[in-house]
Amino acid sequence: MEGNKPSLALVYRAVQALYHDPDPAGKERASVWLGELQRSMYAWEISDQLLQLQQDVESCYFAAQTMKMKIQTSFYELPAETYTALRDSLLSHIQRLRDLSPVIVTQLALAIADLALQMTSWKGCVQTLIEKYSSDVSSMPFLIEILTVLPEEVHSRSLRIGTNRRTEITEDLNLYSNSVVTLLVSCVEKTGNNEKMLMKVFRCLSSWFNLGVLDHNFMASNQLLVILFQVLQRDETATNLHEAASDCVCSALYAIENVDSHVPLALQLFQGVLTLETAYHMSVAREDLDKVLNYCRIFTELCETFLEAMVRSPGQGMGNLRSLELLLICTGHPQYEVVEISFNFWYRLGEHLYKTSDVMLHGIFRPYIQRLLHGLAHHCQLDPDHEGIPEDTDDFGEFRMRVSDLVKDIVFLVGSVECFSQLYATLKEGNPPWEVTEAVLFIMAAIARSVSPENNPTLLEVLEQVVLLPQTIHIAVRYTSIDLVGEMGEVIDHNPRFLDPVLNYLMKGLREKALSSVSAKAIHNMCSTCSDLMIQHFQALLDIAHALDSFFLSSEAAVGLLKGTALVLARLPLEKIAECMSDLCSLQVMVLKKLLAQQTSNGKSADPTVWLDRLAVIFRNTNPTVENGQTHPCQKVIQDIWPVLSETLNKYQADNRIVERCCRCLRFAVRCVGKGSASLLQPLVTQMVGVYQQYPHSCFLYLGSILVDEYGMEDGCRQGLLDMLQALCVPTFQLLEQPNGLRNHPDTVDDLFRLVTRFIQRSPITLMNSLIIVHIIQCAIAASMLDHRDANCSVMKFIRDLIHSGVSSGHEEGFHVRKEFISQALAQHGQQLVTQLLHSCCFCLPSYTLPDVAEVYFEMMLFEREAFCRWLENTLKGLPKETAGGAVTVTHKQLTDFHKQVTSAEECKQVCWAIRDFTRLYR
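What this report covers is the structure whose coordinates are included nearby. (Residues numbered from 1 in each chain as written. Predicted model: local features only at pLDDT ≥ 70, side-chain atom pairs only at ≥ 80, totals over all residues. Heavy atoms only, no water.)

## Re the overall build of the chain
- Within the chain, the secondary structure is distributed over 47 helices and zero strands.
- Each of the three principal axes of the chain carries a C-alpha extent, and together these read 95 × 80 × 65 Å.
- Of all 923 residues assigned to the chain, the portion counted as buried reaches 54%.
- A separation threshold of at least 6 residues defines the contact pool for the chain, and within that pool the share at least 24 residues apart is 74%.
- When the accessible area of the chain is evaluated, it comes to approximately 40,400 Å², of which 50% is carbon and sulfur surface.
- Taking the 77 positively charged and 106 negatively charged side chains of the chain as two groups, their mean positions are separated by 3 Å. (Helix = DSSP H or I, 4+ residues; strand = E, 2+ residues; numbered from the N terminus. Buried < 20%, exposed > 50% of the residue type's maximum accessible area, 1.4 Å probe, protein only. Contact = heavy atoms within 4.5 Å. Areas by Shrake-Rupley, 256 points an atom, 1.4 Å probe, with all protein chains shown as cover. Lys, Arg positive; Asp, Glu negative; His and termini not counted. Charge placed at Lys NZ, Arg CZ, Asp CG, Glu CD.)

Here it is, written out as structure tokens:
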């Protein structure tokens, strides 16, 4: 916001418009204007004045929120001599406004906490606040609010105070933690069983547990722990209070994850949680789902905390398995949301037991897993009055998918064969209702692939029985049985006599609207696992492919069927492949031709992406074995289809979605026949470049990278590919050089650097001798700050591969040319690159990008360690050493240690660890 400071009256009117203007456009204008105000220097003074005036809740909330935001993000704007006045002003505001609105108190508390974390001159802030306000009961609510948010803000992502300051603050908070707990106890004593106050106390205690600064021995014998469990044991506890108490117990359990170091508190918490079993049953009886979910969270956290002890000494001491009993009680609750809370624990238990592979240990936990599986099968049952097939996109469908994943992960503890047989026995022995049958078949489908197909009579019996299921049975049972059959491809591969009856069974399903998609998926699975057996049924697959749209298939299922057909097609004799592939592609090509001639109606058939996706999946999965010197059987088919794809690309060149699918289709066509697509290279490149000048779709760059990958090592193609790159770079750089161009077009950055990386891999000297390479390197250095996972990864890979091309030893052709080029490039850009990358790591990039940066640094060191040491030293000298609030960001020793760790590293991972630790000083 430029110009003069706006008047308070104007700001007030804007706030009123934001909350009360009936016209959405008016609200939007007010929001934009107030956003600009918040970013300006005037925001400090105006917020303070609005809080002073206290005209209404909205203006005070806006002012408090602005204060918090400014302190979090723009603290550097204030001179150090104003800090104390700001602190006193905020404390005065929170005291005066404490009864106006809880959200305003929270915003001001956050502002005070964030100020305390950045203002190094405010020593012992916790002690100061307790001394100043603890004697006045009416000040307790806002005092506890500040003491709650203070530990929470220590690791706030908004505050870049660095590791050194965080360590200093954490030590300070550790010093005063007992005083805080004593204050909380006295607060409960003074206010009795005031529900709101108890909630605040438990929230505050949670916050201090989460930071990990409480004295666990002090807590083990503290009255607050007793009060906490009393609240959770009482049947009449209000829902909100119950949730706050549950959160607090979970935080305490999380804080003692290393139970051996915190034995007294661990035992207190363990005993305390065991006393909640009766309360859990009471909440079940009262159908109080909120409380049931809270208890299940606590029981799960208990098991998570004592997991190591359970596996190390099951049933003894800290490994007491009563906690597992509590969790299995929850599994029996009728609502599936309850058992779902515990899934992460069961995954972790499975992982621990899988690593140990101790038969006796597995034997101890097997009964628990059996009970869990039994409970999960029960929870997967559809309602008896459910009509139609099981939905997989609603909440319950997603729950069943998660159950399927969990079962696959833990079934080894029971044994897949045994589990499969037991499940089948429950269907064979009784005459269960349809919903029980369906749920059991669903669990069997989850584990079918992990059951060995050899010499297993149960599997064969299941197949025999399933294909004989009457059509009168509930459609959901038929649906899930088809899914189960689809998972048993390996059994059929070992027992070919089952193929015909199974395919007949699946063909019946394919013709029924509700069962067509699941049947298509099962046929696709058969083609994947029994591709050699399916050769004899290839004509049937072709017939299905021709009649695809007469079935009621989802797009995904239709594409899956074509994928399966292509997998079998690739197993045919070479001389038959060309004819059959042409036949398979003909329908899709015919519809595309009609579309180009505009002869089709609206609806699915009018969307070219449907047919392009189908062609793409055929090209992608037809991978016959072709000996050297043999002509690829798909070559002529793709040459014949090219004119239609070319015309499609021209007609829809303005539509990014269609162009993207067209490029994808061409990419798989090129991959399918490899060098056999040489005749397409010239016309394809010409067309790509022509369209890209007008419509710079990034997928053309990606397709370019595929062409370079296939043809970059062919002498006759190199210059043409370089011409393509240079032509594509002109509009690309124009796009990326716009204001915020890199940030607004991350896909273009990603695909551009995939393309140039392919050049480095396939024809580095061609690129190094070009005029465009200097601009590409400059673009790469600028784009190294881009906070976008894929784009950043591609940029780093290009820089790393570029430098590496001058590192690799040996006498391969052109090595000296490459080495000389890299040497000159680093002499020109090395310092800028090292500085930019470290600044990006410290101030811009998320931590997942650090390994890529480490690889670039490591390659630079391998190439020219001495120069790199100098560049890194210069970079470190230029980094800020203190925060705006006066805290030490980085010490001289930390700088020299980091320099030494990086420059003496003998493995890339050592560089990565050093960067990870160092950047925490600035985060």
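## Regarding the pattern of salt bridges
- Counted by the stated rule, this structure contains 43 salt bridges.
- Between Arg 371 and Glu 325 there is a salt bridge; the shortest N-O distance is 3.0 Å. With Arg 371 in helix H21 (residues 359-379) and Glu 325 in helix H18 (residues 322-331), this residue pair connects regions lying 46 residues apart in the sequence.
- Among the salt bridges present, the one from Arg 664 reaches Asp 613, with a minimum N-O distance of 3.9 Å. Of the two residues, Arg 664 is situated in helix H35 (residues 656-673) and Asp 613 in helix H33 (residues 608-621); the sequence distance between them amounts to 51 residues.
- Among the residues examined, Arg 664 registers a relative accessible area of 31% and is labelled partly exposed.
- A single salt-bridge network, built from bridges that share partners, covers Arg 671, Asp 709, Glu 710, Arg 758 and Arg 762. (Salt bridge = Lys/Arg side-chain N within 4 Å of Asp/Glu carboxyl O.)

## Some details on the nonpolar core
- In terms of nonpolar packing, the biggest core is built from 338 residues, with Phe 202, Phe 619 and Phe 918 touching the most fellow members.
- Per-element accounting of this core gives the leading share, 14 residues, to helix H45 (residues 850-877).
- In this structure, Phe 918 is in contact with Leu 838, Cys 842, Leu 876, Leu 879, Val 890, Gln 894, Leu 895 and Phe 898, ignoring residues within four places of it in sequence. (Core = buried A, V, L, I, M, F, W, Y, C linked by side-chain atoms within 4.5 Å.)

## Let's talk about the packing of helix H2 (residues 24-39) against helix H4 (residues 57-73)
- The N-to-C vectors of H2 and H4 enclose an angle of 45°; their axes lie 10 Å apart at closest approach. In terms of orientation, H2 lies oblique with respect to H4. Seen along the crossing, H2 lies across H4 with a hand that is right-handed. Counting all contacts with H2, which are made through Leu 34, Leu 37, Gln 38 and Arg 39, the residues of H4 involved are Phe 62, Gln 65, Thr 66, Met 69 and Lys 70. (Axes fitted to C-alpha atoms, helices over the stretch in contact; angles between N-to-C directions. Parallel < 35°, antiparallel > 145°, perpendicular 65-115°, else oblique. Left-handed = near helix turned anticlockwise from the far one by under 90°.)

## A word on H2
- Taking 1.5 Å of rise per residue, 16 residues should cover 22 Å, and H2 covers 23 Å from first to last C-alpha, within 8% of that figure.
- If you check which residues of H2 are buried, you get Gly 26, Ala 30, Leu 34, Gly 35, Leu 37 and Gln 38. Projected down its long axis, H2 shows its buried positions confined to an angular sector of 170°, all on one face. In H2, the exposed positions angled more than 90 degrees off the buried face are occupied by Pro 24, Glu 28, Arg 29 and Arg 39.
- Against helix H1 (8-20), helix H3 (42-53) and H4 lie the buried residues of H2. (Expected span 1.5 Å × (residues − 1). Arc of directions from axis to C-beta.)

## Things to note about a negative patch on the surface
- Together, Glu 337, Glu 391, Asp 392, Asp 394, Asp 395, Glu 398 and Glu 556 make up a region of like negative charge exposed at the surface.
- Inspection of the secondary structure puts Glu 337 in helix H19 (residues 336-340).
- Residue class for Glu 337 comes out partly exposed when judged on its relative accessible area of 31%. (Patch = residues over 30% accessible without salt bridge, like charges linked within 9 Å, V, L, I, M, F, W, Y side chains within 5 Å.)

## Structural notes on the side chain of Glu 487
- The residue Glu 487 is located in the loop between helix H26 (475-486) and helix H27 (489-494) in this model.
- Looking at Glu 487, the relative accessible area reads 15%, which means it is buried.
- In this structure, Glu 487 is in contact with Ala 445, Ala 448, Arg 449 and Asn 525, ignoring residues within four places of it in sequence.

## Observations concerning the packing of aromatic side chains
- In this structure the tally under the stated criterion is 18 aromatic pairs.
- Taken together, a centroid distance of 5.1 Å and an interplanar angle of 70° make the contact between Tyr 857 and Phe 868 edge-to-face.
- One aromatic cluster in this structure is built from Tyr 336, Phe 343, Phe 396 and Phe 399.
- Seen from the ring of Tyr 848, Arg 789 lies directly overhead, with NZ or CZ sitting 3.7 Å from the centre. (Phe/Tyr/Trp six-rings, centres within 6.5 Å; stacked < 30°, edge-to-face > 60°. Lys NZ or Arg CZ within 6 Å of the ring centre and 35° of its normal.)

## As for the environment of Lys 123
- Looking at the element boundaries, Lys 123 is found in the loop between helix H6 (102-118) and helix H7 (125-133).
- Here the alpha-carbon distance between Lys 123 and Ile 169, two residues 46 residues apart in the chain, equals 9.6 Å.
- Residue contacts for Lys 123: discarding those within four places in its chain leaves Thr 128 and Glu 168.

## What about the environment of Glu 579?
- Relative to the helices and strands, Glu 579 resides in helix H32 (residues 574-596).
- C-alpha separation for the pair Glu 579 and Pro 633, spaced 54 residues apart in sequence, amounts to 8.7 Å.

## With respect to the environment of Lys 428
- With respect to the helices and strands, the residue Lys 428 is situated in helix H23 (residues 416-429).
- Residues Lys 428 and Ala 14, spaced 414 residues apart in sequence, show a C-alpha to C-alpha distance of 73 Å.
- Within the structure, the side chain of Lys 428 is placed 3.4 Å from the side chain of Glu 461, a separation counted as a polar contact. (Polar contact = N/O pair within 3.5 Å; in protein donor to acceptor, adjacent residues only side chain to side chain.)

## Details of helix H12 (residues 223-233)
- Those residues of H12 that fall on the buried side of the exposure criterion are Leu 224, Leu 225, Ile 227, Leu 228, Phe 229, Val 231 and Leu 232.
- Between the side-chain oxygen of the N-cap and the backbone nitrogen of Leu 224 there are 2.8 Å, and the N-cap of H12 in question is Asn 222.

## Quick word on unusual backbone geometry
- A positive phi is found at Gln 54, a non-glycine position, where the angle reads about 55°.
- By the secondary structure assignment, Gln 54 is in the loop between H3 and H4.

## Describing the state of the cysteines
- Scanning the entire structure with this criterion turns up zero disulfides.
- Between Cys 296, a free cysteine, and Cys 330, which holds the nearest cysteine sulfur, the sulfur-to-sulfur gap is 3.8 Å.
- Cysteine Cys 729 shares no disulfide, and the gap to the nearest cysteine sulfur, in Cys 779, comes to 8.3 Å. (Disulfide = S-S within 2.5 Å.)

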